[in-house]
Amino acid sequence: MRNKHHQFKTEKNRVIGLYDVYDYNTHDWNCIIPPFYNGEEIKVIGERAFDSYYYLKSIVLSDSIIDIEEEAFYLCEELESIKFGSNLKHIGDYAFMCCSSLKSITLPDSLESIGDEAFNNCSALSSVTLGKNISSIGLNAFARCSKLKNISVSGENKYFSSRDGILYNKEGTEIVIYPPGRKGSKFIIPDGVTSIGKGCFSTNEYLRQVIVPNSVSRIGESAFSDCNINSITLPDNLEVIEKDTFLYCFELKSIRIPKTVKEIKDEALSQTGLEHIKLPQSLLSLGYNALARTPISSITLPASLRSIGGGAFSFCGNLKSIEVSKDTEHFVSIDGVLFDKTGEKLLCYPSGRDGKEYKVMEGIEEIGDGAFQGSKLERIILPSSLKRIG
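Note that the structure is predicted; figures quoted are calculated from it, not measured.

Focus: the sheet that holds strand E11 (residues 104-106)
And step 1. Ordered by their spatial adjacency, three strands build an open sheet running E11-E13-E15, and the pairing between neighbours is parallel. Looking at the sheet topology across the chains shown, the edges are occupied by E11 and strand E15 (151-153). Strand after strand, the sheet turns through a mean of 15° between neighbouring axes, direction not considered.
And step 2. One ladder, built from three bridges, connects strand E13 (residues 127-130) with E15; its direction is parallel.

Next up, the structure:
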């Protein structure tokens, strides 16, 4: 059987693309993927099979299809509707990313998993209904869906529930997705919630304040990334601020980090509006670019801190000096420049420090990753003792 408008490229039960398109200039492509093509049963829409088919208007998938691989319909900007088959089990990473005309989707009961950013930046998407068997939703699956105000779930689903259009796990102990198009400047997370999911509030442009109860002990990576919150108080029993948690929160001016936090991971507070921050005495580790590109003007490292990732304070243009607690066993600040305790490794030169020339003192054997990144320096004089530059 041949599709009326398309000749498919196939390979081992997979559609991997098109050979040609009938009447290309009509700008009105409506595509039906049949259960069989050239004698093969079609079970998979392959990786990037329809990537950037700009004039594809609608897709009907046969019941034989069980998997849509990553980027299968990426950047199909005119795609308005898709009918999924009744046996589909998996939608891959970025599968429908940037399908900016897609308005609503009803996912079949057979579907078990949705990959990372599968529907990211589907800016017209206003309605999503999840079936009864879906158990896994990837990071930022619906990020930047700026019209998505509510997510519905089958009442038979054993893993997720929808409460006032917000997606929770079935027990209500984890808030999974706060729809990015949901309006309102303030949201109070209900008491009893213990976890905030990965990318939960990411890209919501309306929120200014989120009240987090002390019942929360875990906040997933990217949970608040790229949203407009301006202040937040983290719960008292939180131990880790995960990767990218507040990345691109340019309006975030105030944050209270509790004394229980032991680790701030890579880029967790990078590119925020923070001008001041107090690191707790419990902190053991500060990740790569953890506070990079922020307007902080001062920082004191607590005595508890044992490791600092490369570029932790890079491009902090207001930061002229890095200070350390007098009781620290791992770092030393010499004239505001950060070194390890041995004095053999230069870790960070403050980006806001005045002066166009800096002479690295003799005895330094290593310059750490990103140590001078974003500085105002025009000339660095290196010592003869230097063995490694990160």
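Re the side chain of Ser 62
And step 1. Its location among the elements puts Ser 62 in the loop between strand E7 (56-61) and strand E8 (67-68).
And step 2. Since its relative accessible area comes to 10%, Ser 62 is described here as buried.
And step 3. Side-chain polar atoms of Ser 62 contact the side chain of Ser 64, separated by 2.7 Å.
And step 4. Residues within four places of Ser 62 in sequence aside, it is in contact with Ile 33, Pro 34, Pro 35 and Gly 85.

Notes on the state of the cysteines
And step 1. Following the criterion strictly, the structure yields zero disulfides and no others.
And step 2. Considering cysteine sulfurs only, Cys 316 is the nearest to Cys 348, which forms no disulfide, with 7.8 Å between them.

Quick look at the nonpolar core
And step 1. Judged by nonpolar contacts, the single largest core of 52 residues is most densely connected at Ile 196, Phe 201, Phe 224, Phe 246, Ile 264 and Phe 313.
And step 2. The set of elements that each furnish at least two residues to this core consists of strand E17 (166-169), strand E28 (299-301) and strand E33 (345-348).
And step 3. With sequence-adjacent residues up to four places away left out, Phe 201 is seen in contact with Ile 175, Tyr 178, Phe 187, Ile 189, Ile 196, Leu 207, Val 210, Ala 223, Phe 224 and Cys 227.
And step 4. By size, the runner-up hydrophobic cluster in this structure holds 51 residues, among which are Tyr 37, Phe 119, Val 153 and Phe 160.

Quick notes on the sheet that holds strand E29 (residues 307-308)
And step 1. Across the sheet, which stays open at both edges, the four strands sit in the order E24-E26-E27-E29 with parallel pairing between neighbours. A strand with exactly one partner marks an edge of an open sheet, and here the two such strands are strand E24 (240-241) and E29.
And step 2. In terms of strand pairing, E24 meets strand E26 (residues 263-264) through two bridges, oriented parallel. Each bridged residue has a counterpart across the sheet, and for Ile 241 the counterpart in E26 is Ile 264.

Parameters and conventions
Each chain has its residues counted from 1, following the order in which its sequence is written. A pLDDT threshold of at least 70 governs which residues receive local features in this predicted model, and a stricter bar of 80 or more applies before side-chain atom pairs are shown or counted, although totals over entire chains, interfaces and linings include all residues. To obtain the side-chain values, all non-hydrogen atoms of the structure were used and water was disregarded. Following DSSP output, two strands are said to pair if at least two bridges run between them. Helix and strand definitions here come from DSSP, where helices need a minimum of 4 consecutive H or I residues and strands a minimum of 2 consecutive E residues; each element is numbered from the N-terminal end. Note on geometry: axes are lines fitted to C-alpha atoms, helical ones only across the stretch in contact, with angles between N-to-C directions running from 0 to 180 degrees. The cut-offs for exposure are 20% and 50% of the maximum accessible area for each residue type, with area from a 1.4 Å probe on protein chains only; residues under the lower value are buried, those over the upper are exposed, and the others partly exposed. Pairs of N or O atoms within 3.5 Å make up the polar contacts considered here, provided that, within protein, one atom can donate a hydrogen while the other can accept it, and that residues adjacent in sequence are counted only when both atoms are side-chain atoms. Two residues form a contact once any of their heavy atoms are found within 4.5 Å. Any two cysteine sulfur atoms lying within 2.5 Å of each other are counted as a disulfide. We call a set of buried residues a nonpolar core when its members are Ala, Val, Leu, Ile, Met, Phe, Trp, Tyr or Cys and they connect through side-chain atoms within 4.5 Å of each other.

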